[in-house]
Amino acid sequence: MNPPGVALVTGTSTGIGKVICEHLLFRGYAVVAMARRPTDISHPRVHSVSVDLADRAATARAAAEVAQRYAVTTLVHNAGVIRPALLPDVKLGDLDALTELHVGSAITLVQAALPAMRAARFGRIVLLSSRGALGLATRSIYSATKAGLIGMARTWALELAAEGITVNVVAPGPIRGTEMFHQVVPADSERERKLAEVIPVKRLGTPEDVARAVDFFVAPGNSFVTGQVLYVCGGASVGSVTI
């Protein structure tokens, strides 16, 4: 079993990404925390990289610099935004931005990390999709790009399996305590309470719920699990949830 090495995590300023970093640090990883804003985690094994992952050129530069400095063998792509809109109001500019952020930057970052993973004959790639990939009102662009991550991960799983590199997806449902969720649903609101009531487990998720799923996929011992999607959604993926 390979010991912890260097993990690159995106979208680490707050919420799910920050908690994923904390879990990896607890397990002994060095963490490259990549986000628009520097992480506020103070730890000698945290290396903060500020970049807008919706900017293709900036992402390519940051990815190359990280690959030159660190042998990244674990990569968790968590960064994301929603930009909700009903179909008549959908903007193709948002499609460009979210495609670059969710899908394009994942390709760029994984391409940069692949040489180190191949040299080690070991790698763990986890892409954060969403329960919304199954369909949700006002999520035309978000659901399309998050669904794209699932197809991409399954393809990469086939291409990389023989080299000891696994590729899996965690798809969260409604997760309270995150900026993205509370931009749509105000914290401690009646809307939040009603949403929790229609989730089968009768509560909203937390960043810890998602981080524990990521823990499973990145574990060095879990080499026989690849190309899979784990919905961390309290059962919401079985039925329907209106946010």
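Keep in mind the model is a prediction, meaning the values are calculated, not measured.

Caption draft 1: Spatial organisation of unusual backbone geometry. One non-glycine residue, T138, lies in positive phi territory at about 75°. With phi around 65°, K202 is a residue other than glycine that occupies positive phi space.

Caption draft 2: Quick peek at the side chain of E192. Along the chain, E192 falls in helix α6 (residues 190–198). Under the relative-accessibility criterion, E192 is labelled buried at 7%. The contact partners of E192, leaving out residues within four places of it in the chain, are R176, F181, H182, V185, P186, A187 and L204.

Caption draft 3: Structural detail: helix α4 (residues 140–160). Along its 21 residues, α4 runs 30 Å from first to last C-alpha, staying within 8% of the 30 Å computed at 1.5 Å per residue. Every buried residue of α4 is listed here: I141, Y142, S143, T145, K146, L149, I150, M152, A153, W156, A157 and L160. Buried residues along α4 sit against α3 (92–120), β5 (123–128), β6 (165–172), α5 (179–184) and β7 (229–232).

Caption draft 4: Region of the structure containing the pairing of β6. By the criterion of burial, β6 is predominantly enclosed, with 8 of the 8 residues buried. What you see with β6 is no split at all: I165, V167, V169 and A171 on one side and T166, N168, V170 and P172 on the other are buried throughout. In this structure, β5 lies alongside β6, joined through 6 bridges in parallel fashion. Looking at β6, one finds that I125 is bridged to V167. In this view, the connection linking β5 to its parallel neighbour β6 by way of α4 has right-handed handedness. With 4 bridges joining them, β6 and β7 adopt parallel strand pairing. Paired with V169 across the strands is V229, a residue of β7.

Caption draft 5: Examining the packing of α3 against α4 more closely. Orientation of α3 relative to α4, taken along the N-to-C sense of each, is 20°, at an axis distance of 9 Å. Taken together, α3 and α4 sit at an angle that is classed as roughly parallel. Viewed along their axes, α3 and α4 form a crossing whose handedness is right-handed. Residues D94, L95, L98, T99, H102, V103, A106, I107, V110, L114 and R118 of α3 touch α4, and the partners they reach there are I141, Y142, T145, K146, L149, M152, W156 and L160. Tallied by class, residues from the contact of α3 with α4 come to 13 nonpolar, 3 polar and 3 charged.

Caption draft 6: Expanded view of the pattern of salt bridges. Evaluation of the coordinates by the stated rule reveals 11 salt bridges. One salt bridge connects R56 with E100, and the closest N-O pair in it is separated by 2.8 Å. Placement of R56 in helix α2 (residues 56–69) and of E100 in helix α3 is noted, with a sequence separation of 44 residues between them. Judged by relative accessible area, which is 59%, R56 ranks as exposed. The closest approach of N and O atoms between R203 and D209, which form a salt bridge, is 2.9 Å. Residue classification places R203 among the partly exposed positions, given a relative accessible area of 42%. Judged by relative accessible area, D209 falls into the buried class, the value being 14%. Through salt bridges that share partners, R203, E208, D209 and R212 make up one connected network.

Caption draft 7: The sheet that holds strand β3 (residues 46–50), seen in detail. Strand order in this open sheet of 7 strands is β3-β2-β1-β4-β5-β6-β7, and the pairing throughout is parallel. The open sheet has two free edges, formed respectively by β3 and β7, since each of these has just one partner strand. Along the sheet, successive strands turn relative to each other by an average axial angle of 20°, direction set aside. Note: strand β4 (residues 72–77) against β5, 4 bridges, orientation parallel. When the bridges of β5 are listed, T74 appears paired with R124. α2 rests against β2 (30–35), β3 and β4 of the sheet, and its axis sits at about 170° to β2. Where α4 meets the sheet, its contacts fall on β5, β6 and β7, and the angle it forms with β6 comes to roughly 160°.

About the thresholds
Residues numbered from 1 in each chain as written. Predicted model: local features only at pLDDT ≥ 70, side-chain atom pairs only at ≥ 80, totals over all residues. Heavy atoms only, no water. Helix = DSSP H or I, 4+ residues; strand = E, 2+ residues; numbered from the N terminus. Buried < 20%, exposed > 50% of the residue type's maximum accessible area, 1.4 Å probe, protein only. Contact = heavy atoms within 4.5 Å. Expected span 1.5 Å × (residues − 1). Pairing = 2+ DSSP bridges. Right-handed = clockwise from strand over helix to strand, strands pointing away. Axes fitted to C-alpha atoms, helices over the stretch in contact; angles between N-to-C directions. Parallel < 35°, antiparallel > 145°, perpendicular 65-115°, else oblique. Left-handed = near helix turned anticlockwise from the far one by under 90°. Nonpolar A, V, L, I, M, F, W, Y, C, P; charged D, E, K, R; others polar. Salt bridge = Lys/Arg side-chain N within 4 Å of Asp/Glu carboxyl O.

In short, geometric facts, not functional conclusions.
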